Amino acid sequence: MKRYNSNITKINLRGILLKQARGELKMEILKVENLSKTYGKGDNQVKALDNVSFTVQKGEFLAIIGPSGSGKSTLLHILGGVDKPTSGKVFMDGKDVYAQNDTQLAIFRRREVGLIYQFYNLIPVLNVSENITLPVLMDGRKVNQERLEELLNILQIKGREKHLPNQLSGGQQQRVSIGRALMNSPALMLADEPTGNLDSKNSQDIVELLKNSNKMYNQTLIIITHDENIALQADRIIAIEDGRITRDEVVR
Amino acid sequence: MGDCMKFFRNPEMKKIIFLYILITFTAFGIGFWIDLRCAIFAVTISIIFSTVHLMADFFRYKKLSDLSYQINEILHGQDKYDLSSYAEGELAILQSQIFKMTIQLRQQASILKKDKGYLTDSIADISHQIKTPLTSINIIASFLAEPDITGERRMQLTSELMRMLSHVDWLITTLLKMSKFDADTVKFQNEVVNIDELIKEASISIAIPMDLRDQKFIAKIQQGVTFIGDFAWSGEAIANILKNCMEHTPSGGQIVVLAEENAIYSEIVIIDNGNGIAKEDLSHIFERFYKGENSSNQSVGIGLSLAKMIITRQNGTIKVENNQTVGAKFIIRFYKGIV
């Protein structure tokens, strides 16, 4: 099982490198087919997602907008392998994500997906560098110190490695959570209102960071946001209402 | 002592005391049948229990009577509430509920009072606005009624009369439109509105007065910029804003209209090079009947207010700011969905 997974990564990596070398940068990394998700049963049933289909290209920066309760977060969680769809399929690099068993899914999440939440979700008893290196430690691998240093520099939290999350400001905590998401250089970055409770200056900083890593590592970035200024910086905007895609526009 | 007397006046207390006495006597009787000492013990216990219970009741009743005293105070216009008793228990909950209710009632009363004042002010405002041109119309009519009047003079007076009448007409039409909005009886079309056409339509009404003031109207709008909304009503809103800009721009000035569209909203920007908006007016400019520092005496304070109502109804926003150098800048956005 473990071999199977590492094979995926190897093959993917080689595939991506080959394609990049050939100049075929435009490739589908994510494909969503007829995705539906319902919560509850009978009269209390809520359709959070209703037959959603779309594809995302590698390296694309996608913003998802829509009113509260429209199904944005549900969609993001399903893309990230956190929540299972009621029906429909998610393909990542051509592999059916939900055909894997739970353990495989957990490893998929850890290696292929970086998740960033509005409320950081850092582990309070771990210090900054431990929080950032958590995905590597969970894999039982050795921490690449150079990578950690690089991240700390990019995130501008150098010198705070030994601080605990509650000793940091909101913006710094969010930077740490981005570091954690970036540690494994995932192919897909998912951010659920990453700037929801930050001031405008910090918000822009965080978005710049995400955009930079999107460009630098040719990562695919999907952001849920209520901030039109952030949404307008994306390559493409998808609007969701009542669990359906109402608009899908390429901005640039 | 008074409290004590009041306490014993409660009918349920009378019943309970009677019951206690009955129980004490029964206990004494049964006890005496066993032994004298037992009788004394039973009576003592009965008396102790009765006293403890009566004491507890007494304090509860005292709290109730305090509460009723406070409510009485509030009823008679005392507006200081004693919110100090944050204790557990049914009584404390009752007390806090009563205070909450009192505050709510007071708030409602003050809102009603404010509404009434607003209504009175509005009526006074409207009456005043109609009265002023009516007085002029009266005077002009009396001039016109004079028998020996030259043709030239008549022409002049008639044109003045027409101007006054059109002003009153505009005033009343706008007020009627606003009241329609208030009553929520306006139906909006959901059609694709071409902003280029919209601006052309809206600028017709100000074309002549702008020409008279030697002002320039510049529209830099890309083809194909649209939004979903109601053409006629949006035209009304834009026309009102343009009218405002025109009135606050000196002769020889200019009004520039820009429009663009992105994935989230369609934006119309209207910029004039007039004297701008006073800082203290900026946050009130869209309020009904609000007249700014340097508004003309023709101004009523309903044009911009109506414009805002129309735009808000179409999932849009309007804001105003002062341009960096001169003039005001109105930014109107029609959103394509909820962000």
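Here, every reference points to the structure presented above.
Definitions and limits used
- Residues numbered from 1 in each chain as written.
- Chains lettered and ligands numbered in written order.
- Predicted model: local features only at pLDDT ≥ 70, side-chain atom pairs only at ≥ 80, totals over all residues.
- Heavy atoms only, no water.
- Axes fitted to C-alpha atoms, helices over the stretch in contact; angles between N-to-C directions.
- Helix = DSSP H or I, 4+ residues; strand = E, 2+ residues; numbered from the N terminus.
- Parallel < 35°, antiparallel > 145°, perpendicular 65-115°, else oblique.
- Left-handed = near helix turned anticlockwise from the far one by under 90°.
- Contact = heavy atoms within 4.5 Å.
- Nonpolar A, V, L, I, M, F, W, Y, C, P; charged D, E, K, R; others polar.
- Pairing = 2+ DSSP bridges.
- Phe/Tyr/Trp six-rings, centres within 6.5 Å; stacked < 30°, edge-to-face > 60°.
- Buried < 20%, exposed > 50% of the residue type's maximum accessible area, 1.4 Å probe, protein only.
- Lys NZ or Arg CZ within 6 Å of the ring centre and 35° of its normal.

Turning to the packing of helix 6 (residues 170-182) of chain A against helix 7 (residues 200-216) of chain A, a few remarks are in order. Residues and elements named next belong to chain A. Two elements in contact, helix 6 and helix 7, have axes whose closest approach is 10 Å; the angle formed by their N-to-C orientations is 15°. If you check the angle between helix 6 and helix 7, you find them roughly parallel. Remark: the crossing between helix 6 and helix 7 carries right-handed chirality. Residues Gly 171, Gln 174, Arg 175, Ile 178 and Leu 182 of helix 6 form the contact with helix 7, whose own contacting residues are Asn 202, Asp 205, Ile 206, Leu 209, Leu 210 and Ser 213. Of the residues that constitute the contact of helix 6 with helix 7, the class distribution is five nonpolar, four polar and two charged.

Residue and element names in this part refer to chain A. With mixed pairing, the six strands of this open sheet are ordered in space as 6-7-8-3-9-10. Taken across any chain shown, the strands that pair with only one partner, and hence form the sheet edges, are strand 6 (113-116) and strand 10 (244-250). This sheet shows a mean twist of 15° between the axes of neighbouring strands, independent of strand direction. Of the pairings in the sheet, the one linking strand 9 (residues 236-241) to strand 10 comprises six bridges and is antiparallel in character.

A word on the packing of aromatic side chains. Residues and elements named next belong to chain B. If you walk through the whole model with that rule in mind, you get 11 aromatic pairs over all chains. Judged by centre distance (5.6 Å) and plane angle (65°), the ring pair of Phe 58 and Phe 59 falls under edge-to-face. With a relative accessible area of 17%, Phe 58 lands in the buried category. Site record: aromatic cluster; members linked through ring pairs are Phe 7, Phe 8, Phe 58, Phe 59 and Tyr 61. For Arg 153, the ring lying beneath its charged end belongs to Phe 143, and the centroid distance is 5.4 Å. The ring of Trp 170 is capped by Lys 243, whose NZ or CZ atom sits 4.0 Å from the centre of that ring.

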